[in-house]
Amino acid sequence: MVKAVVGANWGDEGKGKITDMLAREADIIVRFQGGANAGHTIINDYGKFALHTLPSGVFYDHTTSIIGNGVALNVPVLFDEIQSVVDRGVPKPKILVSDRAQMVMSYHILLDTYEEERLAKKSFGSTKSGIAPFYSDKYAKIGFQVSELFDEELLKEKAVRVCEQKNVLLEHLYHKPLLQPEALLKELHGYKEMIAPYVCDTSSYLYEAIQSGKHILLEGQLGSLKDPDHGIYPMVTSSSTLAAFGAIGAGIPPYEIGKIITVCKAYSSAVGAGAFVSEIFGQEADELRRRGGDGGEFGATTGRPRRMGWFDCVASRYGCRIQGTTDVAFTVLDVLGYLKEIPVCVGYEIDGVVTEEFPTTARLAKAKPVLEVLPGWNCEIRGIRTYEELPQNCRSYVEFVEKKLGFPITMISNGPGRDDIIYR
Ligand code: GDP
């Protein structure tokens, strides 16, 4: 059985917590897209961890963690991360890295940084982790695949070719120091040494695992609205954030993905630029940001404050539909306990017409939120373990959202811990 855990919104929905929780019953957890640009925050018996590259299942000793071919693999970040969990008493995780994964090189990070500098105020709000230049190179067919590390002749030839190409940009567009093929080759040799013990034909490994009935989790990064095709282009990430891409980024048959658990947060937050219809500002936003998540809504990678907003039924319904949701995990509901009344965005007004359909970017920029105000429950709900025990207004909020989404909310998360979960 293969299950995917993906996001309905702009990311930071709490996928890490849900994956960590479901990993208890899983054999294998696979990262299938994205890179070290976003992070998951996980709180468990070992403490609090911010992971960027390792899948959220690394904390169990019965699981195997896979970095799939679709990931933007930053080798030194992966290694530092393995070291940092081991240093804190977590048993050394079993990790396999796809021989078809491609690597983020130091020049990708430089190019990302230089481009953000060049765009200045018009930037996309990149985390400068090299992800956009990495995926551009992958599709331009000048990326470095892990398997290529073991072909010295190819590396030598390609290092020269890549430097020639990148140096045109570095010299004429960015006016920065040029790349040297010898230094690039040295970087690649370093990566080879670090990664060699973990390299595996992971799609073949997963094929065998599926045949023998193993439980596999695909862990997505970011959410539907950051998908390059279906999201708020161009304010999107550079790899598909959808469960469907899990088949490609892990190398498994699409029909094996039997459950798509879409994680949806009880209010909205976003990082980076782009339209955010239900966004709130000032004190109202500050309070939600301070109370949000676990210890505030600040980026796990960058520490930058997240933009805050009320729950957006239009964006979330679309986000769930485009994922192919079978189950919704509704998270961070406990945070709303301080509110007497909770506004919810139920429609977008565009040029005087109200719609419940999520529009393309140009129309989205014109959308104004249509809000409906629901009564709050105004009390602490952490620690509650059954749906019936939740306050009536809290259940009404869940049921209102569920009706608007059109997909069943089967899990409610009411705290950051592994056991803060209510099944319906
Ligand atoms: P991800 O990228 O989707 O995994 O999400 P993040 O890890 O960036 O953000 C989720 C944050 O919310 C983390 O700090 C979690 O510990 C926290 N969190 C997850 N679920 C809950 C919940 O139900 N309640 C509270 N209060 N915090 C939660």
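Preceding this paragraph is the structure being described.
None of these values were measured; they are calculated from a predicted model.

In this section: the pattern of salt bridges. Tallied over the entire structure, the rule returns 22 salt bridges. For the salt bridge of K15 with E13, the shortest nitrogen-to-oxygen distance reads 2.6 Å. Close ionic contact of E287 with R290 constitutes a salt bridge, the shortest N to O distance being 3.4 Å. In this pair, E287 and R290 both sit in helix 9 (residues 282–291), three residues apart, roughly one turn of the helix. When its relative accessible area of 27% is taken as the criterion, E287 is described as partly exposed. With a relative accessible area of 55%, R290 lands in the exposed category. Salt bridges sharing common partners tie together D12, K265, E297 and R306.

Here three strands make up an open sheet; going across it, the order is 12-14-13 and the pairing antiparallel. The strands lining the two open edges of the sheet, one partner per strand, are strand 12 (268–270) and strand 13 (279–280). Looking at chain direction, strand 13 and strand 14 (residues 307–309) are connected through two bridges and run antiparallel. Residue pairing in the sheet places I280 in a bridge with M308 of strand 14. The sheet contacts of helix 9 involve strand 13 and strand 14, and relative to strand 14 the element is tilted by about 100°.

Before going further, it helps to examine the site of the ligand. Near the ligand you find 21 residues, and of these K15, G16, T41, D334 and S413 are the closest. K15 has a polar backbone atom sitting 2.8 Å from an oxygen atom of the ligand. Between the ligand and G293 there is a distance of 2.9 Å, counted from a nitrogen atom to a backbone nitrogen or oxygen. Relative to its free-state accessible area of 590 Å², the ligand is covered by the protein chains to the extent of 97%. With respect to the pocket detection grid, the ligand is positioned in the second largest pocket. Of all the secondary structure elements, the ones that give two or more residues to the shell around the ligand are helix 1 (15–22) and strand 3 (40–44). In terms of residue class, the shell around the ligand is built from four nonpolar, nine polar and eight charged.

Between helix 3 (residues 106–119) and helix 4 (residues 131–139), the shortest axis-to-axis distance is 7 Å and the interhelical angle comes to 120°. Looking at the two axes, helix 3 sits oblique to helix 4. Seen along the crossing, helix 3 lies across helix 4 with a hand that is right-handed. Contacts between helix 3 and helix 4 involve Y107, H108, L111 and D112 from the former and I131, P133, F134 and D137 from the latter. Partitioned by chemical class, the residues of the contact of helix 3 with helix 4 number five nonpolar, one polar and two charged.

The probe, sized like a water molecule, is rolled over the atoms to show the empty space still left. By the definition in use, this model includes one cavity of 30 Å³ or more. Taken together, C313, V314, R317, V346, E356 and K404 make up the lining of the largest cavity. Class assignment for the residues of the lining of the largest cavity results in three nonpolar, no polar and three charged.

Reading the values: the criteria
- Residues numbered from 1 in each chain as written.
- Predicted model: local features only at pLDDT ≥ 70, side-chain atom pairs only at ≥ 80, totals over all residues.
- Heavy atoms only, no water.
- Salt bridge = Lys/Arg side-chain N within 4 Å of Asp/Glu carboxyl O.
- Helix = DSSP H or I, 4+ residues; strand = E, 2+ residues; numbered from the N terminus.
- Buried < 20%, exposed > 50% of the residue type's maximum accessible area, 1.4 Å probe, protein only.
- Pairing = 2+ DSSP bridges.
- Contact = heavy atoms within 4.5 Å.
- Axes fitted to C-alpha atoms, helices over the stretch in contact; angles between N-to-C directions.
- Near = heavy atom within 4 Å.
- Polar contact = N/O pair within 3.5 Å; in protein donor to acceptor, adjacent residues only side chain to side chain.
- Areas by Shrake-Rupley, 256 points an atom, 1.4 Å probe, with all protein chains shown as cover.
- 1 Å grid on protein atoms, 1.4 Å probe; cavity = no way out; pocket = protein on both sides within 12 Å on 5 of 7 lines; lining within 4 Å.
- Sits in = over half its atoms within 2 Å of the grid points.
- Nonpolar A, V, L, I, M, F, W, Y, C, P; charged D, E, K, R; others polar.
- Parallel < 35°, antiparallel > 145°, perpendicular 65-115°, else oblique.
- Left-handed = near helix turned anticlockwise from the far one by under 90°.
- Points joined across faces, edges and corners; volume = space filled by probe spheres on them.

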